[in-house]
Amino acid sequence: MRYTYFKAFKPLFFIVSALVFTGNVALAQTQAATPAAAPVTGVQTFIDKFFKEYDKQGTARAVIDIFKSNKQMDSTRLTGIIVKIDSMRSVIGKYLGKDLIMQRKASNSLVLYSYLLKHEGQPARMTFMFYKPKNEWEIYRLYFDVDVDGELAESSRVTGKP
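Residues numbered from 1 in each chain as written. Predicted model: local features only at pLDDT ≥ 70, side-chain atom pairs only at ≥ 80, totals over all residues. Heavy atoms only, no water.

**Student:** Teacher, can you tell me more about the sheet that holds strand S3 (residues 123-131) here?
**Tutor:** Strand pairing in a sheet is mediated by backbone hydrogen bonds. Such pairs are either parallel or antiparallel. One open sheet accounts for four strands, arranged S1-S2-S3-S4; its pairing is antiparallel. Two strands bound the open sheet, and with one partner strand each, they are strand S1 (95-107) and strand S4 (138-145). Each strand axis lies, on average, 20° off the axis of its neighbour in the sheet, ignoring direction. Lying over the sheet, helix H2 (residues 43-56) contacts S1, strand S2 (110-119), S3 and S4, oriented at roughly 25° with respect to S2. (Pairing = 2+ DSSP bridges. Helix = DSSP H or I, 4+ residues; strand = E, 2+ residues; numbered from the N terminus. Axes fitted to C-alpha atoms, helices over the stretch in contact; angles between N-to-C directions. Contact = heavy atoms within 4.5 Å.)

Put into structure tokens, the structure is as follows:
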């Protein structure tokens, strides 16, 4: 009689154990995905000014002003960045706002901030990389792309393979 009683609850025991285990894994993944680093002083000022100008005065003003901190940037590359962003903005619609996706700090001299840009037609991503060779931060790289949804869908695959 005792043996039959245990047999009846054995599947239930395994189901409850599996739920508890997967709940802890999901909690750990959620906690790890949140940005933990505090904003880097000076860098956040650059970013806030960039998005204010991006919204009110357009791409050209925002890009030119942020790259004033980088003496190595030539006007040809700057024009290329502006043209790329403006051509995409004309397709994806009006800018509505931004959300921080992540920030990473490689060292005390190199940081990366990635933002989800909310446009009427579709989301985009703007990634800033800042470098501090001496005492002052400067924009090092600026990336803009609209493949945020494809990347998110790919990350949801169980195997990570197509």
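The discussion continues.
**Student:** Quick question: what am I supposed to make of the nonpolar core here?
**Tutor:** Across soluble globular proteins, you tend to see nonpolar side chains buried next to one another. Phe50, Phe51, Tyr54, Met126 and Phe128 are the most contacted members of the largest nonpolar core, which totals 29 residues. Within the residue set of this core, elements represented by two or more residues are H2, helix H3 (59-66), helix H4 (75-92), S2, S3 and S4. (Core = buried A, V, L, I, M, F, W, Y, C linked by side-chain atoms within 4.5 Å. Buried < 20%, exposed > 50% of the residue type's maximum accessible area, 1.4 Å probe, protein only.)

**Student:** What exactly am I supposed to notice about H4 here?
**Tutor:** In an α-helix, one full turn covers 3.6 residues, which means residues spaced three or four apart are oriented alike. Its 18 residues give H4 an end-to-end C-alpha distance of 26 Å, which sits within 8% of 26 Å, the value for a rise of 1.5 Å per residue. Buried residues along H4 sit against H2, H3, S1, S2, S3 and S4. The backbone nitrogen of Thr76 lies 3.1 Å from a side-chain oxygen of the residue at the head of H4, namely Asp74. Looking one or two residues beyond H4, the residue adopting positive phi is Gly93, at roughly 95°. (Expected span 1.5 Å × (residues − 1). Polar contact = N/O pair within 3.5 Å; in protein donor to acceptor, adjacent residues only side chain to side chain.)

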